[in-house]
Amino acid sequence: MRKDQYSAMQFEEHRRDREASVSGSTRTGVEKGVGELIYPNPGSQVTARKLWQQIFEDYYAWHRKCTGGLHPTSEGPHALPGDCAAPGSDVSTLRQVLDELSGRLSRSSVPWPSPMYMAHMTGDTPLAASLAYVCGLLYNPNNVTPEASPVTTELEHEVSDDLCRLLGYAPRGWAHLSSGGHSSNYEAIWIARNLRAVPQALARHPHACDLVSHCSPTALVNLGVDEILNMLDAVSDRGIRDEVLRLADDIRSTGGLSEAKLLIARNAHYAWRKCVDLLGVGARNAEWLDVDDDHRMDLNALRTRVHDLIRQGQPIVAIVACAGSSGEGSVDDLDGIVRLRDECERLYGASFYIHVDAAFGGYCRSLCLDPGGEMLSYDEVSQHIRPAALKREVYEAFRALPQTDSTTVDPHKNGHIPYPAGALALRDRRLTSLIGGATALYFGRSNDKRLPFGPHTLEGARPGAAAAAVWATHQVIRPDRNGYGQLLAGCLATTQELHRRCQTTGELHVMGKTFRLVSHFESDLNILNLSIESTHPLPNQDADELNLKILNGLRDEALADPYGQPWVSSNELATRSGGPSARLHVLRLCVMQKLDPPTLDAVWHSLLNAIARQLAAALTMNS
C-alpha cells in the first residue's frame, strides 16, 4: 500500500481514536437524542449540531489521510490548484456566497414542514436522512460500481433487501435505487418489452425451438414470466443464451412486437405517456382503461380486454397497476388482477407481466408488516393503526403485491427521503438479464458475488449519498408497522379526518350564498380530492371554472405568504359519465404528516377561510 493511501483499517483506527476522545456524557447525550431526531425541532438542534460536527471531523480526517500531506495547497478539502490565486477566491468570498445561498433558501423555499403544506408528495425530511445524505455526498460516491463506492454500494444492497421485504419479493427479488418513478417505470417496461420477444426468439432458434414446441400460437406470444425465465436458464445451459437474446433484439427491431399492447388505467401518472413514446410501444398500442367509482382500474373492463387480446393472439407487454395513484391515492385491485392472470393461464396457457406503480403507496405496505416482514392479519392491522382505518380491499391488494413482477416505489415520497431516491424492485432477479450487460470498464474486477447495480439498471452514475440517506433512515424508521407503519398511519388518520369534516362541517356561506367543500370519495391512502359545490346555480359561472379560479387564487395567496396560507395542488379526475376524455378539475390535498387535534383545527379553518376569500373574489368579479 502506498503511503498516500488511506485504508479502511486506518479509517477505523481513526474512528476508534475519535470516539475514545468523546466524553461519556456527550456520547450518552447523543444517544438520548436519537428519539428526537425523526424530524427537526427545537429540542433536537443541539444534538443535531453535535452530529454534524462528528460528520465533518471524520471527513476532514479522511481527507488528510488521503492526501498524505501531498495536497497542492494548504486550504484543505475542495481547494484546487490555482484557486487561491484567483481574484476574490478568499474565505470571505466563500462566506458571502454561502450566506446568500442559505439566506435565499431559508427565505423562499417551499415550506414542506409546515402543517399548512398539503400540495405535493413531499414532507419534512427526517434528520437521519438529511445527516446521512450530507455525510455521503462529502465523499462523492458513485454507485455505478463498488470500485467508486465501496461503502454506499454495500448500503444499497442492504436497502435492496429492505425494499424486497417491504414489497414481499424476498428472497428471490432484487431492488435498486433510481432518480425517481419516471426512471423506475421506464426500466420495468423496458424489461417487460424485452421479455415479450423471447418466446418468438426461442421458436426461431434451431437449438431452442424444442422448448416451445408444446405452445399454441396463442400461448406463445403471451407466455408467463416464470416460464420464459426458466427457458432462458435452459438455453444458458446449452450455451446459446446470447444468441437467443440477440435474436429477440432482432425481432423487436424489425417490428415483431408492433402489435404488443400496454394496458394502463386512465388516471395513471403522466410519466406513462412519456414511457410509451420513449420505448417505442406506440400511442396506438397503449390502451388507457376506465376507472371505477373509487378511481381504481376497472377490473371488468380489464378482464374483457385481456381475454380479447389473448384470443386474438396479440402480445401484451404488461398490465400497469397503481398502488397509490399520484392524483387520487387509489390502490388498484391487485388481487383481482393476479386472479385474472391465473384465469388466463388456466383457460389459454397464456399470461402477462404485471408491473405496479407504487411510487407513492409502496411504503404504505409497512402498515401491514410485522418486524420480520411477514404480513399481519387484517384484524391485527386494523387494531394497530387506530384511529386510522385501512380498507379491506387495499389490504388485499397489498397482500397480493408479492405475486406481481415488478414494483416502483419512491423513498423520496412516503419514505420522506431527500431527492433523488426512487427505486425499482423485481420479484425475480433473473429479470435483470433482459437489459443487463457485462462491461470490462469497471465490473470485471469486482469480487462481489452480488448482482452489480451499474450494468443492470437504466441509469449509470447514481449518487451514493441517496443510498446512505435511505439506509440510515431505515435504521431509525424500519419499514414495518412499528416504524413507517406508525408514521403513515398518522398521515392516513389525518386524511380520513379531513374527509369526514368535508362530509359534516364543510359548509361555507359567502355573500348570501351557500357552498360546500366536497371530498369526492374516501381515498385509499393519504390523498384527498376536493371541489366546491354550490347549493344553487351561479349566474355566468361554470362549476369547473369556479374550482379552477379558487385553485389559482389559493396558489397566489400561498406564494405571497408562504408560511401563513394553506398550500394545495390540483388534479383532473377522470369521470365515467362524460366519456373517455372527460375530466373534472379538483383541489388535491396530499397529507404527508400527522396533525394533532389543535393543529388540525387550525389547518381546517385556515383552508375554509382561504376558500371563502376566493369564492368572494370570484363572485364579485362575476356580479
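Residues numbered from 1 in each chain as written. Predicted model: local features only at pLDDT ≥ 70, side-chain atom pairs only at ≥ 80, totals over all residues. Heavy atoms only, no water.

S.K.: Whenever I open this one, the pattern of salt bridges confuses me. Can you help?
M.R.: Pairs can form between side chains of opposite charge once their charged atoms are near each other. Following the criterion strictly, the structure yields 33 salt bridges and no others. Measuring nitrogen to oxygen at the nearest pair gives 2.6 Å for the salt bridge that ties Arg399 to Glu396. On the criterion of helical spacing, the pair formed by Arg399 and Glu396 is a turn pair, its members being three residues apart in helix α15 (residues 392–400). Overall, the relative accessible area of 15% leaves Glu396 in the buried class. A salt bridge links Arg430 to Asp428; its shortest N-O distance comes to 2.9 Å. By relative accessible area, which is 23% here, Arg430 ends up partly exposed. Given a relative accessible area of 3%, Asp428 falls into the buried group. Overlapping salt bridges bring together Arg172, Asp226, Asp233, Arg341, Asp405, Arg427, Asp428 and Arg430 as one network. (Salt bridge = Lys/Arg side-chain N within 4 Å of Asp/Glu carboxyl O. Helix = DSSP H or I, 4+ residues; strand = E, 2+ residues; numbered from the N terminus. Buried < 20%, exposed > 50% of the residue type's maximum accessible area, 1.4 Å probe, protein only.)

S.K.: What is the right way to read the nonpolar core from this model?
M.R.: The nonpolar side chains of a soluble globular protein tend to be buried with one another. By size, the foremost hydrophobic cluster in this structure holds 77 residues, and its most contacted members are Leu163, Leu302, Val306, Ile319, Ile337, Phe352 and Leu390. The biggest single contributor to this core is helix α17 (residues 484–505), with seven residues. Ignoring any residue separated from it by four or fewer positions in sequence, one finds Leu390 in contact with Leu367, Cys368, Tyr378, Val381, Ile385, Tyr395 and Leu492. Core analysis: the second largest hydrophobic core is formed by 50 residues, Leu223, Leu232, Ile251 and Leu431 among them. (Core = buried A, V, L, I, M, F, W, Y, C linked by side-chain atoms within 4.5 Å. Contact = heavy atoms within 4.5 Å.)

S.K.: Looking at this structure, I do not really get the pairing of strand β8 (residues 507–510). What am I missing?
M.R.: A one-sided burial pattern is seen for β8, the buried positions being Leu508 and Val510 and the unburied ones Glu507 and His509. One ladder, built from four bridges, connects β8 with strand β9 (residues 513–519); its direction is antiparallel. Residue pairing across strands places His509 opposite Thr514, the latter belonging to β9. Linking two consecutive strands that pair antiparallel, namely β8 and β9, is a turn of two residues; a positive phi of about 50° is found at Met511 within it. (Pairing = 2+ DSSP bridges.)

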